[in-house]
Amino acid sequence: MPLEETIPVRADEAFNIQAVETYLRSHLTEIGAGALVVRQFPAGASNLTYLLQIGAWEGVLRRPPLGPVPPRAHDMGRECRLLQRTNPVFPLAPKPYFFCDDLSVIGAPFYVMERRRGVVLNDRFPPEVQPTEARCAGISQAVVKTLAQIHTIDWQAAGLGDLGYPEGFLARQVRRWIEAYSRAQTDDIPLVEPLTRWLADHIPAEQAPALIHNDFKLNNMLLSGDDLTTPTAVLDWEMATIGDPLLDLAITLSYWVSSHDPEDLRTMLPTVTNLPGFISREDFMERYAHKTGRDLSAMPFYLTFAYFRMVVIIQQIYARWKRGQTQDQRFAAFGDRVRAVVAHAAQRAGLVS
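Below or above, wherever it landed, is the structure these notes cover. Keep in mind the model is a prediction, meaning the values are calculated, not measured. (Residues numbered from 1 in each chain as written. Predicted model: local features only at pLDDT ≥ 70, side-chain atom pairs only at ≥ 80, totals over all residues. Heavy atoms only, no water.)

Thoughts on the overall build of the chain
Next, step 1: Scanning the chain from N- to C-terminus turns up eleven helices and nine strands.
Next, step 2: When burial is assessed residue by residue, the chain has 54% of its 353 residues classed as buried.
Next, step 3: When the accessible surface of the chain is summed, it comes to about 15500 Å², and 51% of that surface belongs to carbon and sulfur atoms.
Next, step 4: For the chain, the distance from the average position of its 35 positive side-chain charges to the average position of its 40 negative side-chain charges is 2 Å. (Helix = DSSP H or I, 4+ residues; strand = E, 2+ residues; numbered from the N terminus. Buried < 20%, exposed > 50% of the residue type's maximum accessible area, 1.4 Å probe, protein only. Areas by Shrake-Rupley, 256 points an atom, 1.4 Å probe, with all protein chains shown as cover. Lys, Arg positive; Asp, Glu negative; His and termini not counted. Charge placed at Lys NZ, Arg CZ, Asp CG, Glu CD.)

What follows is the structure, given as structure tokens:
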């Protein structure tokens, strides 16, 4: 990830650089001479992520967003502990260095982890890379394989059992995301009420629990610049837990936009996955089922719920902007995005034609 993919730190998201440097040096002996330079990774819409550089040393700092946050969300200590236990058994998870809960340093809890290098694929390929059908197919296969690998981790042996409550996970998730929408609601959207009622009434029997990333998608992976079909990291583990892996699969597929999707969805979620060569959602599910042996017959529910979950995430970000908790103008249009995804989820549930 070259320097051009970072930006100067936004004024309202800055922190005391000297305080962070002092804390770094007190916890990491390998840092050499030089002053701390901080830049910001601009793409994320949730936790704030910064590139730290002192001479040849580099690290990444993660902290919660500004303003009040939903209950149990953006827990930096939990995310750091999860990575400490996951990295030894799944090396694509970055290694964390330390967690800091001393609010006098930057005014919020944070942790620092190793910096991984690689290419992030959003809505386009790097200019020097030709998106051939073979390359796109290879990337697709790497995404399926990586998700299946996460779901086959022996989470109990890895010491991850205290990071989730698998029994009743799916019903609890449906209830919590409906409640989260109510807390973040700003506008009246009539389709929300029948959609949430449908979700509560159609919860299927759960699968055997697994470690789930809970936000696994192509642009949360780093891919090798030498070979884009080779992952170098999986990022953004803030919502990872022990739960139903089919929800994880559905979340991935909700971001796996194809050229056949409605225009408003393709506009809202620009991604390279609609290019020729990327596999379809159906092919993705077939490959996943082959690798994991899981029964995917209830996927229509999971996909509908995944889109509603996306609604809530967008609405929470939009609410922060509308309430003045962030000045980031990217979020001004998120109200329209909420309506578009609500309509798509309602259509999947058969509530509208």
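Quick word on the nonpolar core
Next, step 1: Ranked by internal contacts, the top residues of the largest apolar core, which has 90 residues, are Trp237, Leu249 and Met299.
Next, step 2: If one sorts the elements of this core by residue count, helix α10 (residues 299–322) sits on top with 15 residues.
Next, step 3: Apart from residues no more than four positions distant in its own chain, Leu249 is found in contact with Leu147, His151, Phe284, Met285, Tyr288, Leu296 and Met299.
Next, step 4: With 20 residues, the next largest nonpolar core counts Phe15, Tyr23, Leu36 and Ile54 among its residues. (Core = buried A, V, L, I, M, F, W, Y, C linked by side-chain atoms within 4.5 Å. Contact = heavy atoms within 4.5 Å.)

Some remarks on helix α9 (residues 281–292)
Next, step 1: Look at α9: 16 Å from first C-alpha to last across twelve residues, which is about the 16 Å you get at 1.5 Å a residue.
Next, step 2: Arg281, Phe284, Met285 and Tyr288 are the residues of α9 that are buried. An end-on view of α9 places all buried positions within 95° of arc, on one side of the element. In α9, the exposed positions that point more than 90 degrees away from the buried face belong to Glu282, Glu286 and His290.
Next, step 3: Where the residues of α9 are buried, they touch α4 (133–151), α7 (245–255), α10 and α11 (334–348).
Next, step 4: Gly293 occupies a position one or two residues after α9 and carries a positive phi of about 75°. (Expected span 1.5 Å × (residues − 1). Arc of directions from axis to C-beta.)

Digging into the packing of α10 against α11
Next, step 1: Remark: α10 packs on α11, axes separated minimally by 9 Å, with the N-to-C direction vectors making an angle of 165°. Considering their axes alone, α10 and α11 lie roughly antiparallel with respect to each other. For the crossing formed where α10 meets α11, the hand is left-handed. When α10 is examined against α11, the residues Leu303, Thr304, Tyr307, Phe308, Met310, Val311, Ile314, Gln315, Ile317 and Tyr318 are found in contact with a partner set consisting of Phe334, Gly335, Arg337, Val338, Val341, Val342, His344, Ala345 and Arg348.
Next, step 2: Among the residues making up the contact of α10 with α11, the classes are represented as 13 nonpolar, four polar and two charged. (Axes fitted to C-alpha atoms, helices over the stretch in contact; angles between N-to-C directions. Parallel < 35°, antiparallel > 145°, perpendicular 65-115°, else oblique. Left-handed = near helix turned anticlockwise from the far one by under 90°. Nonpolar A, V, L, I, M, F, W, Y, C, P; charged D, E, K, R; others polar.)

What to know about the packing of aromatic side chains
Next, step 1: Enumeration over the complete set of coordinates arrives at 14 aromatic pairs.
Next, step 2: For the pair Tyr23 and Phe98, a centre-to-centre distance of 5.4 Å together with 50° between the ring planes defines the contact as tilted. Taken together, the residues span a long stretch of sequence, with Tyr23 in helix α1 (residues 17–27) and Phe98 in strand β4 (residues 96–100) at a distance of 75 residues. Per residue, the accessibility class of Tyr23 equals that of Phe98, and both read buried.
Next, step 3: Residues Trp256 and Phe284 carry aromatic rings whose centres are separated by 5.1 Å and whose planes lie at 70° to one another, so their mutual orientation is edge-to-face. Residue Trp256 is located in the loop between α7 and α8 (263–268), and its partner Phe284 is located in helix α9; the two are separated by 28 residues in the primary sequence. Taken individually, Trp256 and Phe284 each receive the classification buried, so the pair is uniform in this respect.
Next, step 4: A connected cluster of aromatic rings, assembled from ring pairs, spans Trp198, Phe301, Tyr302 and Phe305.
Next, step 5: Looking at Lys217, its charged tip hangs above the ring of Tyr255, at a distance of 4.2 Å from the centre. (Phe/Tyr/Trp six-rings, centres within 6.5 Å; stacked < 30°, edge-to-face > 60°. Lys NZ or Arg CZ within 6 Å of the ring centre and 35° of its normal.)

Structural notes on the packing of α7 against α10
Next, step 1: Closest axis-to-axis distance for the α7/α10 pair is 8 Å, and the angle between their directions is 65°. When the axes of α7 and α10 are compared, the crossing they make is right-handed. Of the residues in α10, those in contact with Leu246, Leu247, Leu249, Ala250, Ile251, Leu253, Ser254 and Tyr255 of α7 are Met299, Tyr302, Leu303, Phe305, Ala306, Tyr307, Arg309 and Met310.
Next, step 2: Of the residues contributing to the contact of α7 with α10, the split by class is 14 nonpolar, one polar and one charged.

Some thoughts on the environment of Pro190
Next, step 1: If you trace the backbone, Pro190 turns up in the loop between α5 (169–184) and α6 (192–201).
Next, step 2: Each C-alpha atom, one on Pro190 and one on Gln327, is 28 Å from the other, the two residues being 137 residues apart in sequence.

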